[in-house]
Amino acid sequence: MSFEPTAPRTIRLLAPSGYPHDPVAIDRALERLGDAQHRIENVEATQRRYQRFAGTDGERAGDLNRLADPERPLPDIGLAVRGGYGAARILHGLDYRGLERRLRDRPIVLVGHSDFTAIQLALYAKAGIRTFGGPMLSADFGAEAPSEFTMSHFWRTISAPSATIVAEAPQVQSVNVSGTLWGGNLAILTSLIGTPYLPDVDGGILFVEDVNEQPFRIERMIYQLHLSGLLARQQALVLGQFTGARPFDYDNGYDMQAMIEQVCEVVGIPVVTGLQFGHVPDMVTLPFGAHAQLVANAHGFRLTMSDYPHLG
């Protein structure tokens, strides 16, 4: 298992949401990253507990706000410990002005997914900071058998000025669009509609994923994006992985495929399926806020991404 990119990196742990429920996974991740000569900061965040959260709201916001302190050297990578719930509680407490001064257009990688989506959306909306949807410390770096695919794609993407994803996932329509790549967890995205923490993106390529949501719940959230007018402003909607999206007997054949067909019929923009992103072992890394071009047809799709922070 290779965890080493071109050079050892300084990695600061960020814990804006739930506390890690598997201490063994944390130990595995820290040992592996240490063996690869990476310098890990803020390990104490993995030990904090306050109710169901990785510390109080102030402690969790402090993980991010310390990145705005000009007296502290910046890490190469800010790595989310895990998701869960809790990021929404600290959005109002982040130092967006200070973070923008310190981080915008700097080669720093802030990465995570799931509940970390709230942080990514807010940082982009309030400070123009581009981040990465990708692996997290506990579930990914700390997995019993970490995915070579996930790790390789992560290190390649954050170390280069551009990246391309090619998927042999046949599409029902031909698509050739370009725009700002953004998105993340569907439930988190819809929860921020009507707030100042949802970016005002026109002509974007919106990617979404979720976990343990039934097909009708996924459709309902996509309808919320549609009925609010958000989807009409995008070039395309890209569906990632919806792990655990199992229909019940009551659904009478209404499954994910039926949901996708309904969504394609009503949203008025191209819908591309099969993006390998979400709560899955094998996951691509997506630069949130990057420029992207999406080409799709009956043979699959190609997503080319550029203009994002990278470590070089």
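Everything numeric in this text was worked out from a predicted model, so none of it was measured.

1. Focus: the pairing of strand β9 (residues 236-243)
Working note: regular strand, side chains alternate between the two faces of the sheet. Within β9, six of the eight residues are buried, which leaves it mostly tucked inside the rest of the structure. In the sheet, strand β8 (residues 205-211) pairs with β9 via six bridges, with the strands oriented parallel. Across the sheet, I205 pairs through a bridge with A236, a residue of β9. Once you follow β8 into helix α8 (residues 215-227) and on to β9, the crossover reads as right-handed. Pairing of β9 with strand β10 (residues 271-273) involves three bridges; the strand directions are parallel. Within β10, the residue paired with V238 across the bridge is V272. One crossover worth recording links β9 to the parallel β10 by way of helix α9 (residues 256-266), and it is right-handed.

2. Remarks on α9
For α9, every residue scored as buried is listed here: M256, M259, I260 and V263. Along the axis of α9, the buried residues cluster in a sector spanning 100°; they form a single face. In the core, the buried residues of α9 are packed alongside α8, β9 and β10. Here α9 starts with a cap whose side-chain oxygen sits 3.2 Å from the backbone nitrogen of Q257, and that cap is D255. Where α9 ends, the next residue or the one after it, G268, has phi of about 80°, a positive value.

3. Section: the layout of surface pockets
Computed from the structure, the largest pocket encloses a volume of approximately 450 Å³. Surrounding the largest pocket, 23 residues form its lining, H113, S138, A139, D140 and H279 being those nearest its centre. Counting only elements with at least two residues in the lining of the largest pocket, the list comes to α1 (23-35), α5 (137-141) and α6 (148-158). No other element matches α5, which puts three residues into the lining of the largest pocket. Counted as a void, the second largest pocket has a volume near 210 Å³.

4. Topic: the sheet that holds strand β1 (residues 10-14)
On the basis of which strands lie adjacent, the open sheet formed by six strands has the order β2-β1-β3-β4-β5-β11 and mixed pairing. The open sheet terminates on both sides in strands that have one partner only, identified here as β2 (39-41) and β11 (286-288). Between one strand and the next, the sheet's axes are offset by a mean angle of 30°, whatever the strand orientation. Where strand β5 (residues 131-133) lies against β11, three bridges are found, and the strand directions are antiparallel. Bridging from a neighbouring strand, G133 pairs with L286 of β11.

5. Things to note about the nonpolar core
Formed by 52 residues in total, the largest nonpolar core has its most connected members in I119, W182, L206, I222, L231 and L237. Elements with a contribution of two residues or more to this core: α2 (57-65), α3 (96-103), α4 (117-127), α7 (186-191), β8, α8, β9 and α9. Setting aside anything within four residues of it in sequence, one finds L237 in contact with L206, V208, I222, L231, V263, I269, P270, V271 and V272. Grouped together as the second largest cluster of nonpolar side chains are 48 residues, L137, F141, L181 and A290 included.

6. Considering empty space enclosed by the protein
Tallying each qualifying case throughout the model produces one cavity of 30 Å³ or more. Among the residues forming the lining of the largest cavity, the class breakdown is four nonpolar, one polar and four charged.

7. Quick notes on the pairing of strand β3 (residues 77-80)
The alternating pattern of β3 places I77 and L79 on one face and G78 and A80 on the opposite face, and all of these are buried. In the sheet, β1 pairs with β3 via four bridges, with the strands oriented parallel. If you follow I11 over to β3, its bridge partner there is I77. In the sheet, β3 pairs with strand β4 (residues 109-112) via three bridges, with the strands oriented parallel. Across the sheet, the residue bridging to I77 is V109, located in β4. The parallel pair β3 and β4 is bridged by α3, and the resulting crossover is right-handed.

Definitions and limits used
- Residues numbered from 1 in each chain as written.
- Predicted model: local features only at pLDDT ≥ 70, side-chain atom pairs only at ≥ 80, totals over all residues.
- Heavy atoms only, no water.
- Buried < 20%, exposed > 50% of the residue type's maximum accessible area, 1.4 Å probe, protein only.
- Helix = DSSP H or I, 4+ residues; strand = E, 2+ residues; numbered from the N terminus.
- Pairing = 2+ DSSP bridges.
- Right-handed = clockwise from strand over helix to strand, strands pointing away.
- Arc of directions from axis to C-beta.
- Contact = heavy atoms within 4.5 Å.
- Polar contact = N/O pair within 3.5 Å; in protein donor to acceptor, adjacent residues only side chain to side chain.
- 1 Å grid on protein atoms, 1.4 Å probe; cavity = no way out; pocket = protein on both sides within 12 Å on 5 of 7 lines; lining within 4 Å.
- Points joined across faces, edges and corners; volume = space filled by probe spheres on them.
- Axes fitted to C-alpha atoms, helices over the stretch in contact; angles between N-to-C directions.
- Core = buried A, V, L, I, M, F, W, Y, C linked by side-chain atoms within 4.5 Å.
- Nonpolar A, V, L, I, M, F, W, Y, C, P; charged D, E, K, R; others polar.

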